[in-house]
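Listed below are the residues making up each chain.
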Amino acid sequence: MAAAAAGGAGGGSAALGDSGAIDYSVHEAWNEATNVYLLVVLASLALLVYARRNKRRIMRIFTLPPAAETPPEPNFYDSMKKIRLRQQLEMYSIARKYEQQQQQPPKQTESVQLSVE
């Protein structure tokens, strides 16, 4: 029984020694993990503060790419609208010039007649 107790005690001391090594590695891993978590928490807090201060800048970053991808279609249609508008303005100006020429020739002929006489 004493031998069993001695063997048990010896086994117990070996188990204690092993558990001490295990405890040390667990503490070391815990310290490393808490350091990593602490760094993650600090980084996330820093990003949160940065996001609050620069909210407009961040929103501009997220809103521009869709606007940059969509312009080919609207630009095409906008350019077509601008071309059509330019054509309408040109036709209007030509019509106005024609109307002015239709109204002015009697005056021009009078002035020409006056200058000839």
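Residues numbered from 1 in each chain as written. Predicted model: local features only at pLDDT ≥ 70, side-chain atom pairs only at ≥ 80, totals over all residues. Heavy atoms only, no water.

### A few points about the overall build of the protein chain
What the protein chain contains, in helices and strands, is 3 helices and 0 strands. For the protein chain, the sequential pattern of α-helices and β-strands runs α-α-α. Among the 117 residues that make up the protein chain, the fraction classed as buried is 1%. Surface exposure of the protein chain reaches about 10,800 Å², of which carbon and sulfur atoms provide 64%. (Helix = DSSP H or I, 4+ residues; strand = E, 2+ residues; numbered from the N terminus. Buried < 20%, exposed > 50% of the residue type's maximum accessible area, 1.4 Å probe, protein only. Areas by Shrake-Rupley, 256 points an atom, 1.4 Å probe, with all protein chains shown as cover.)

### Let's talk about the pattern of salt bridges
One pass over the full model with this rule turns up 1 salt bridge. One salt bridge in this structure joins R96 and E99, with 3.3 Å as the shortest N-O distance. Residue R96 and its partner E99 are located together in helix α3 (residues 72-116), separated by 3 residues, close to a single helical turn. For E99, a relative accessible area of 41% corresponds to the partly exposed category. (Salt bridge = Lys/Arg side-chain N within 4 Å of Asp/Glu carboxyl O.)

### Quick look at a nonpolar patch on the surface
The grouping of L38, V41, L42, L45 and L48 at the surface amounts to a nonpolar patch, some 450 Å² of accessible area in total. Note that L45 resides in helix α1 (residues 2-53). Judged by relative accessible area, which is 46%, L45 ranks as partly exposed. (Patch = residues over 30% accessible without salt bridge, like charges linked within 9 Å, V, L, I, M, F, W, Y side chains within 5 Å.)

### Quick word on the confidence of the model for the protein chain
Here the protein chain shows a mean pLDDT of 74. Residues at 70 or above account for 60%. Averaged pLDDT values for the elements of the protein chain fall to 71 in helix α2 (residues 55-69) and rise to 77 in α3. Segment residues 1-16: pLDDT under 50, and 0 contacts once partners within four positions in sequence are set aside and those in other chains are kept. (pLDDT = per-residue confidence, 0-100. Contact = heavy atoms within 4.5 Å.)

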